[in-house]
Amino acid sequence: MKLKGKAALVTGGGTGMGRAITLKLAGEGADVAINYSRRAKEAEETVEAVRRLGVRAFAMKADVAVEAEAIRLVDEAAKQFGRLDVLVNNAGWSTAVPHRQLDGLTEEVLERTWQINVKGPIYVTRAAIPHMLKAGGGAIVNTTSVAAYQGAGSSIIYGASKAALGAITKSLARAFGKDNIRVNAIAPGFVDTGFVNWPASVKEKAIAGSPMGRIPTPEDAANAVLYLVCDATGVTAQTIFVDCGVTALHPVV
Ligand SMILES: NC(=O)c1ccc[n+]([C@@H]2O[C@H](COP(=O)([O-])OP(=O)(O)OC[C@H]3O[C@@H](n4cnc5c(N)ncnc54)[C@H](OP(=O)(O)O)[C@@H]3O)[C@@H](O)[C@H]2O)c1
């Protein structure tokens with residue numbers, strides 16, 4: 001049990017990769033807090049699954065894009081568990097806007113994507129850092145995306161938001177390295193979580209283009225997070241691509 005006695009917060013931990021990450025951290029003995037903005041039922045089901053592992057867990061409704069709610073979430077986790085050691089900024093949002101359809105980047109899409117994917121992690125991290133300092137250190141993992149590196153993905157602003165989160169990862173790693181707070185990122189490739197309203201053909205194309213002949217699973221993402229949180233003791237400011245090799249192994253012509 002690598003995380004026995006530790007406390008974690010996984011934003012958007014009720015569904016998809018967040019759920020797998022939550023269960024993975026709990027499986028190593030961590031108490032885990034999660035939040036949701038819309039899907040309460042899935043979050044409560046995840047909490048039940050976590051409790052069956054013998055650790056404490058709770059879910060609360062908190063929109064990470066609203067700073068007061070992000071603060072309330074972090075404070076509740078620290079209050080219920082008495083500490084906070086691990087933060088996974090997993091919550092994210094996007095919608096499919098073809099990159100040539102620049103008019104599709106409405107003010108609403110631009111604002112919402114940036115507010116949730118960039119300002120949200122800043123709000124949550126800003127609230128969490130004092131608790132980590134109190135605990136003598138911590139580990140933060142931000143979920144970015146291959147979209148930040150490929151000029152591809154669900155929308156132009158989505159890739160930009162995840163690139164920004166990658167830059168934030170590095171800045172935080174430098175700023176708090178001497179406080180024993182490590183800050184890393186995972187950059188998943190296409191994962192079949194229903195995250196974006198993609199047609200089925202996108203999944204088929206992703207599998208066809210994958211050097212591993214498959215797409216990453218939520219469990220793959222969770223394994224990478226667990227490594228960064230527990231075993232990567234000398235690692236900070238890094239991004240692990242959980243994309244079955246797509247970004248590193250460009251198609252050979
Ligand atoms: N799936 C992919 O192909 C892929 C690839 C690369 C990176 N990612 C990233 O991976 C992360 C997890 O996505 P996923 O694929 O696991 O999809 P998902 O199941 O839809 O997870 C997204 C989570 O974020 C939460 N969330 C969204 N907006 C929120 C807000 N304003 N406040 C609080 N929580 C909010 C959602 O909760 P509610 O539903 O309750 O709002 C949901 O639990 C995201 O950051 C995404 O950008 C996904």
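The structure under discussion appears in the preceding block.
We now turn to the structure provided with this report. Predicted, not measured: the structure shown is a model, and the values here were computed from it.

Concerning the overall build of the protein chain
Line of reasoning, step 1. Of the regular secondary structure elements, the protein chain holds 8 helices and 7 strands.
Line of reasoning, step 2. On C-alpha atoms alone, the protein chain measures out to a radius of gyration of 17 Å, which is about the 18 Å that the 2.2 N^0.38 rule sets for 253 residues.
Line of reasoning, step 3. With the C-alpha coordinates of the protein chain rotated into their principal frame, the extents come out at 50 × 40 × 35 Å.
Line of reasoning, step 4. The buried share of the protein chain, reckoned over its 253 residues, is 50%.

Looking at the site of the ligand
Line of reasoning, step 1. The environment of the ligand is made up of 27 residues, and the closest members are Gly12, Gly16, Tyr36, Gly92 and Phe195.
Line of reasoning, step 2. Listed by contribution, the elements that provide at least two residues to the shell around the ligand are helix H1 (16-27) and strand S2 (31-36).
Line of reasoning, step 3. In terms of residue count, the dominant contributor to the shell around the ligand is H1 (3 residues).

Quick look at the environment of Glu76
Line of reasoning, step 1. Examined against the element boundaries, Glu76 turns out to sit in helix H3 (residues 67-81).
Line of reasoning, step 2. Glu76 gets classed as partly exposed once you count the C-beta atoms within 10 Å, which come to 16.
Line of reasoning, step 3. Separated by 125 residues in sequence, Glu76 and Ser201 have C-alpha atoms that sit 42 Å apart.
Line of reasoning, step 4. Dropping the residues within four chain positions of it, Glu76 is found in contact with Ala33 and Met60.

Quick notes on the nonpolar core
Line of reasoning, step 1. Grouped together as the largest cluster of nonpolar side chains are 75 residues, with contacts concentrated most on Leu25, Val32, Val74, Ala221 and Val225.
Line of reasoning, step 2. Among all residues touching Val225, those that are not within four sequence positions of it are Ile21, Lys24, Val88, Val141 and Ile186.

A look at the packing of H1 against helix H8 (residues 218-231)
Line of reasoning, step 1. Orientation of H1 relative to H8, taken along the N-to-C sense of each, is 45 degrees, at an axis distance of 8 Å. By the criterion of interaxial angle, the relationship of H1 to H8 is oblique. Our pair here, H1 against H8, has a crossing hand that is right-handed. Facing H1, whose interface residues are Gly16, Met17, Arg19, Ala20, Ile21, Lys24 and Leu25, H8 presents Pro218, Glu219, Ala221, Ala222, Val225, Leu226 and Val229.
Line of reasoning, step 2. Of the residues that constitute the contact of H1 with H8, the class distribution is 10 nonpolar, 1 polar and 3 charged.

Topic: the environment of Ile116
Line of reasoning, step 1. One can find Ile116 in helix H4 (residues 107-135).
Line of reasoning, step 2. Linking Ile116 and Trp93, residues 23 residues apart in sequence, is a C-alpha distance of 6.5 Å.
Line of reasoning, step 3. For Ile116, the contacting residues outside a window of four places in its chain are Val64, Ala65, Ala91, Gly92 and Trp93.

Considering the sheet that holds strand S5 (residues 138-143)
Line of reasoning, step 1. Taken in spatial order, the 7 strands line up as S3-S2-S1-S4-S5-S6-S7 in an open sheet, and their pairing is parallel. The sheet is open, and its two borders are formed by strand S3 (57-61) and strand S7 (239-242), each paired with just one other strand. Averaged over all adjacent pairs, the angle separating strand axes in this sheet is 15 degrees, with direction ignored.
Line of reasoning, step 2. Across 5 bridges, the pairing between S2 and S3 is parallel. Note that in S3 the partner of Ala33 across the bridge is Phe58.

Side note on unusual backbone geometry
Line of reasoning, step 1. A positive phi angle is found at Ala237, which is not glycine, with a value near 70 degrees.
Line of reasoning, step 2. With respect to the element layout, Ala237 can be found in the loop between H8 and S7.
Line of reasoning, step 3. Take Ala237: there are 16 C-beta atoms within 10 Å of it, and that puts it in the partly exposed class.
Line of reasoning, step 4. One non-glycine residue with positive phi stands out, namely Cys244, at about 55 degrees.
Line of reasoning, step 5. Looking at the element boundaries, Cys244 is found in the segment after S7.
Line of reasoning, step 6. Since 22 C-beta atoms lie within 10 Å of it, Cys244 is described here as buried.

Quick notes on the rules
- Residues numbered from 1 in each chain as written.
- Predicted model: local features only at pLDDT ≥ 70, side-chain atom pairs only at ≥ 80, totals over all residues.
- Helix = DSSP H or I, 4+ residues; strand = E, 2+ residues; numbered from the N terminus.
- Rg over C-alpha atoms; globule rule 2.2 N^0.38 Å.
- Buried ≥ 20, exposed ≤ 12 C-beta atoms within 10 Å, placed from the backbone.
- Near = placed C-beta within 6 Å.
- Contact = placed C-beta atoms within 7 Å.
- Core = buried A, V, L, I, M, F, W, Y, C linked by C-beta atoms within 7 Å.
- Axes fitted to C-alpha atoms, helices over the stretch in contact; angles between N-to-C directions.
- Parallel < 35°, antiparallel > 145°, perpendicular 65-115°, else oblique.
- Left-handed = near helix turned anticlockwise from the far one by under 90°.
- Nonpolar A, V, L, I, M, F, W, Y, C, P; charged D, E, K, R; others polar.
- Pairing = 2+ DSSP bridges.

Note that every value here comes from positions in space, so none of it alone points to a role or purpose.
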